There are 2 protein chains.
Amino acid sequence: MNSNYTKEMEVQNVASYNKEALATRQPKHKVSPLFINRWSTRAFEPYEITEEEINTILEAASYAPSANNFQPWRFFVATTEAQKALFEQFIMPRNAVWSQKASAYILLAGDTSLPEGKTNNNHAFDSGAAWASIAFQAKMMGLSTRAMGGYDREKAKQLLAMPENFVPHVVIAIGKPGTIDLLDESFHKVNGPTPRKSLDELIISYRVE
Amino acid sequence: MNSNYTKEMEVQNVASYNKEALATRQPKHKVSPLFINRWSTRAFEPYEITEEEINTILEAASYAPSANNFQPWRFFVATTEAQKALFEQFIMPRNAVWSQKASAYILLAGDTSLPEGKTNNNHAFDSGAAWASIAFQAKMMGLSTRAMGGYDREKAKQLLAMPENFVPHVVIAIGKPGTIDLLDESFHKVNGPTPRKSLDELIISYRVE
């Protein structure tokens, strides 16, 4: 633990807007570069991720807010070749084309169980906050994340012997972002920082009597 | 838009761990202070939030990742007294005791509609990522956020004339964090940075054949 974190957190791409991101994203307000520069590449360069890096990222996620502080997020991590191969049995083959070059996978599941046999209905929303935390902490460390919904949830539950009360949300591919030539050509056109709807479309006006 | 953002983003509490947070949160890894220092206070001091601040926070959220980049998050914002009073018709009275002192409310809803009459089943998870982005951007600006599940969803849908295909998730109270004396005494014991489960409880081990 280090109480003077500045140098370590000021890694590439979070101190100022990145030209690559600005090509498709023109923020109208002074949004932190963390949000503008983060995007989900499919191009990864060879990189052996450390257990310390994984733990740092997941500990960041553990501090996400959740309803009643129930913290429903659970993580299944694949870093070894054997673990990654297991995950690639349930990841859609079209995704595995690029994801196999990532350094690790994290399957993020929501634990729906609560004390007294109750069910946590906020597990998806809260897990989404944990996912964003993973993406931001990784970005600050110069790593990139991409969440996949394209995988066989039933097969994942079975192969990972997931408890019945867990709902698998996404499989996150994490690694060192690489240049486009490292990515299968069939993905070149879709890979890049995606644009967003304007606030006019997102902020809904309503009438006050 | 400013490409040299450093000074503006380095406001209180994100450059190094905050003593108040360290009292209940002892990160084992070099997690960014952004995650450790962010917590959801109920104590707000009087502060007139600007439209620019709201827009900056919501624009940050707009850059959250989402399945197929569908961006299902929608925002209903209350900043005027009349708008806040409308929201307080559906916020649970016990929450309104503290939330009425916040500067603004944002109701975050998920739009479940997709082209061709399909339904977006990822709206809750993706909206959770937008919520985390709101919380982090606000924190960087010296503002605090607290999401409430304790409100009448049906009444909110009715009073805000929400489209049928919207699912209301949380009402976020946002404002300038204040000292504990500004908060009703009945909340003093529960207000503060909450602890978290250890990674041992969150990372699930599994067997690889």
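Shown above is the structure to which this text applies.
Residues numbered from 1 in each chain as written. Chains lettered and ligands numbered in written order. Predicted model: local features only at pLDDT ≥ 70, side-chain atom pairs only at ≥ 80, totals over all residues. Heavy atoms only, no water.

The next thing to look at is the overall build of chain A. Along its length, chain A carries 9 helices and 5 strands. The secondary structure elements of chain A, listed N-terminal to C-terminal, are α-α-α-β-α-β-α-α-β-α-β-α-β-α. Once the C-alpha set of chain A is aligned to its principal axes, its extents read approximately 55 × 50 × 40 Å. The buried share among the 209 residues of chain A stands at 56%. A fraction of 73% describes how many contacts in chain A between residues 6 or more apart in sequence connect residues 24 or more apart. With an accessible surface of roughly 9200 Å², chain A has 48% of that area assigned to carbon and sulfur atoms. Distance from the positive charge centre (22 side chains) to the negative charge centre (23 side chains) of chain A: 8 Å. (Helix = DSSP H or I, 4+ residues; strand = E, 2+ residues; numbered from the N terminus. Buried < 20%, exposed > 50% of the residue type's maximum accessible area, 1.4 Å probe, protein only. Contact = heavy atoms within 4.5 Å. Areas by Shrake-Rupley, 256 points an atom, 1.4 Å probe, with all protein chains shown as cover. Lys, Arg positive; Asp, Glu negative; His and termini not counted. Charge placed at Lys NZ, Arg CZ, Asp CG, Glu CD.)

Take the relation of the copies chain B and chain A next. In screw terms, the move from chain B to chain A is a rotation of 180 degrees and a rise of 0.0 Å along the axis, fitting with an RMSD of 0.0 Å. On the angle and the small slide along the axis, the relation comes out as a two-fold axis. Most of the interface of chain B is mirrored in chain A, where 100% of its interface residues again form contacts. (Least-squares fit on C-alpha atoms with pLDDT ≥ 70 in both.)

Looking now at the packing of helix H4 (residues 51-62) of chain B against helix H7 (residues 123-140) of chain B. Residue and element names in this part refer to chain B. Two elements in contact, H4 and H7, have axes whose closest approach is 8 Å; the angle formed by their N-to-C orientations is 140 degrees. Considered as vectors, H4 and H7 are oriented oblique to each other. By crossing handedness, the relation of H4 to H7 is classed as right-handed. Contacts between H4 and H7 involve Thr 56, Ile 57, Leu 58, Ala 60 and Ala 61 on the former and, on the latter, Ala 130, Ser 133, Ile 134, Gln 137 and Ala 138. Tallied by class, residues from the contact of H4 with H7 come to 7 nonpolar, 3 polar and no charged. (Axes fitted to C-alpha atoms, helices over the stretch in contact; angles between N-to-C directions. Parallel < 35°, antiparallel > 145°, perpendicular 65-115°, else oblique. Left-handed = near helix turned anticlockwise from the far one by under 90°. Nonpolar A, V, L, I, M, F, W, Y, C, P; charged D, E, K, R; others polar.)

Counting from both sides, the interface comprises 77 residues of chain B and, opposite them, 79 residues of chain A. At the boundary of chain B with chain A, total buried surface from both sides reaches about 7200 Å², with 65% on carbon and sulfur atoms. Viewed at the interface, chain A and chain B are joined by 0 salt bridges. For the side of chain B that touches chain A, the secondary structure elements donating two or more residues are helix H1 (6-9), helix H3 (33-37), H4, strand E2 (73-78), helix H5 (81-87), H7, strand E5 (166-177) and helix H9 (199-202) of chain B. (Buried area = accessible area lost by both parts, 1.4 Å probe. Salt bridge = Lys/Arg side-chain N within 4 Å of Asp/Glu carboxyl O.)

All right, on to the pattern of salt bridges then. Residue and element names in this part refer to chain A. Counted by the stated rule, this structure contains 6 salt bridges over all chains. Here Arg 207 makes a salt bridge to Glu 209, at a shortest N to O gap of 3.4 Å. For the pair shown, Arg 207 and Glu 209 are each scored as exposed.

This brings us to H4(B). The end-to-end C-alpha distance of H4(B) is 16 Å, a good match for the 16 Å that 12 residues give at a rise of 1.5 Å each. For H4(B), a buried count of 10 out of 12 residues is recorded, marking the element as mostly surrounded by other parts of the structure. Among the residues of H4(B), Glu53(B), Ile54(B), Asn55(B), Thr56(B), Ile57(B), Leu58(B), Glu59(B), Ala60(B), Ala61(B) and Ser62(B) are the ones counted as buried. On the buried face of H4(B), the contacting elements are helix H3 (33-37) and helix H9 (199-202) of chain A together with E2, strand E3 (104-111), H7 and E5 of chain B. (Expected span 1.5 Å × (residues − 1).)

It is worth spelling out unusual backbone geometry at this point. Look at Gln71(A): it is not a glycine, yet its phi comes out positive at around 55 degrees. One can find Gln71(A) in the loop between helix H4 (51-62) and strand E2 (73-78). Note on Gln71(A): relative accessible area 5%, which makes it buried. The backbone of Glu116(B) shows a phi angle near 60 degrees, a positive value even though the residue is not glycine. Within the secondary structure, Glu116(B) is located in the loop between E3 and H7.

Okay, the environment of Gly175(B) next. Residues and elements named next belong to chain B. Topologically, Gly 175 is positioned in strand E5. Gly 175 sits in the buried class, given a relative accessible area of 0%. A C-alpha to C-alpha distance of 14 Å links Gly 175 and Leu 58, two positions 117 residues apart in sequence. Apart from the residues within four sequence positions on either side, Gly 175 is in contact with Phe 44, Ser 103, Leu 143 and Ser 144.

What the rule picks out here adds up to 15 aromatic pairs over all chains. Note on Phe76(A) and Phe166(A): the rings are 6.2 Å apart at their centroids and 75 degrees apart in plane angle, and the pair reads as edge-to-face. Here Phe76(A), found in strand E2, pairs with Phe166(A), found in strand E5 (residues 166-177); they are 90 residues apart in sequence, far enough to count as distant. For the pair formed by Phe76(A) and Phe166(A), the shared burial category is buried. Arranged with centres 6.4 Å apart and planes meeting at 45 degrees, the rings of Tyr206(A) and Phe76(B) form a pair that is tilted. Taken as a pair, Tyr206(A) in the segment after H9 and Phe76(B) in strand E2 lie in two separate chains rather than in one. Judged by its relative accessible area of 15%, Tyr206(A) is buried. Counting every residue linked through ring pairs, the aromatic cluster contains Phe76(A), Phe87(A), Phe90(A), Tyr105(A), Tyr151(A), Phe166(A) and Tyr206(B). Against the face of Tyr105(A) rests Lys84(A), its NZ or CZ located 5.8 Å from the ring centre. (Phe/Tyr/Trp six-rings, centres within 6.5 Å; stacked < 30°, edge-to-face > 60°. Lys NZ or Arg CZ within 6 Å of the ring centre and 35° of its normal.)

Here we come to the pairing of E3(B). All names here are of chain B. Counting buried positions over the 8 residues of E3 gives 8, a clear majority of the element. The side-chain alternation of E3 yields two buried faces, one formed by Ala 104, Ile 106, Leu 108 and Gly 110 and the other by Tyr 105, Leu 107, Ala 109 and Asp 111. Across 6 bridges, E2 lies against E3 in antiparallel orientation. Across the sheet, Arg 74 pairs through a bridge with Ala 109, a residue of E3. (Pairing = 2+ DSSP bridges.)

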